[in-house]
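Residue-level listing of the chains:
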Amino acid sequence: MANITKISILQLDESSFEELYKLYATKMYRICYRETNDEDVSGNIVHNVFLSIWERRETLLLEKPEHFLTHATKIQILKYFRDSASQKQHMQNSLIDYNEADCSTQEEIYYNDLSDRVQKLVDLLPAQCRRVYLMRDQQGMDNAQIAGELGISMSAVKQHIGNALTFLRTHLAR
């Protein structure tokens, strides 16, 4: 089978398939390698094209085997690049998701650390100053409500809150 110009895959037996492989596999490989620059990928594409032909040998008709094989190879190369781009995009998206999750975990750690530091500092405040600060910070009460609850003046509430905030700022900056 030195000159394969027209061949029906229905007539293709094992020996003629080997001949087809011997005639065109190297050319197909060169086409693949020129586009992918990867020996393994090129070999896999050539293998997959010939495997597809063998699996469809009962329904496939080859009028021009060289044209058919070249075209099939180029299609497989395009599929390879499409799949590679899709995988790369998926990997980038996964990396972004991972980084976002990592950042939110870090932010949560920083937040928890800061909350612990603030709580320890609040515990160091004088009793009345601490009580006023917690009523405002944790209970959400306004100055008038705090003054009424504790029986102190509004200016005393403002003074306690100012002292507490100054103390916290000073000690948190360290």
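Residues numbered from 1 in each chain as written. Predicted model: local features only at pLDDT ≥ 70, side-chain atom pairs only at ≥ 80, totals over all residues. Heavy atoms only, no water.

## Some points on the nonpolar core
Met28, Val49, Phe50 and Leu69 are the most contacted members of the largest nonpolar core, which has 19 residues in total. In terms of residue count, the dominant contributor to this core is helix α1 (residues 14-36) (seven residues). (Core = buried A, V, L, I, M, F, W, Y, C linked by side-chain atoms within 4.5 Å. Buried < 20%, exposed > 50% of the residue type's maximum accessible area, 1.4 Å probe, protein only. Helix = DSSP H or I, 4+ residues; strand = E, 2+ residues; numbered from the N terminus.)

## Quick look at the packing of aromatic side chains
In total, this model carries five aromatic pairs according to the counting rule given. What links up through ring pairs into an aromatic cluster is the set Phe17, Tyr21, Phe50 and Trp54. (Phe/Tyr/Trp six-rings, centres within 6.5 Å; stacked < 30°, edge-to-face > 60°.)

## Some words on the packing of helix α4 (residues 127-137) against helix α5 (residues 143-150)
Contact pair α4 / α5: the axes reach a minimum separation of 10 Å and the direction vectors enclose 135°. The angle between α4 and α5 falls in the class oblique. Where α4 crosses over α5, the two elements pack in a sense that is right-handed. Within the contact between the two elements, α4 uses Gln128, Arg131, Val132, Met135 and Arg136 and α5 uses Asn143, Ile146, Glu149 and Leu150. Of the residues that constitute the contact of α4 with α5, the class distribution is four nonpolar, two polar and three charged. (Axes fitted to C-alpha atoms, helices over the stretch in contact; angles between N-to-C directions. Parallel < 35°, antiparallel > 145°, perpendicular 65-115°, else oblique. Left-handed = near helix turned anticlockwise from the far one by under 90°. Contact = heavy atoms within 4.5 Å. Nonpolar A, V, L, I, M, F, W, Y, C, P; charged D, E, K, R; others polar.)

## Some points on the environment of Thr166
Along the chain, Thr166 falls in helix α6 (residues 154-172). Reaching out from Thr166, the side chain makes a polar contact with the backbone oxygen of Gly162 at a distance of 2.8 Å. (Polar contact = N/O pair within 3.5 Å; in protein donor to acceptor, adjacent residues only side chain to side chain.)

## Considering the pattern of salt bridges
Pairing between side chains of opposite charge can happen when their charged atoms approach one another. As enumerated under the stated definition, the model contains three salt bridges in all. We note a salt bridge from Lys27 to Glu66, for which the minimum N-O separation is 2.3 Å. Within this pair, whereas Lys27 is found in helix α1, its partner Glu66 is found in helix α3 (residues 65-124), the two being separated by 39 residues in sequence. When the shortest N-O distance is used, the salt bridge between Arg34 and Glu35 registers 3.8 Å. Residue Arg34 is classed as exposed on the basis of its relative accessible area, which comes to 59%. Glu35 gets classed as partly exposed once you look at its relative accessible area, which sits at 42%. (Salt bridge = Lys/Arg side-chain N within 4 Å of Asp/Glu carboxyl O.)

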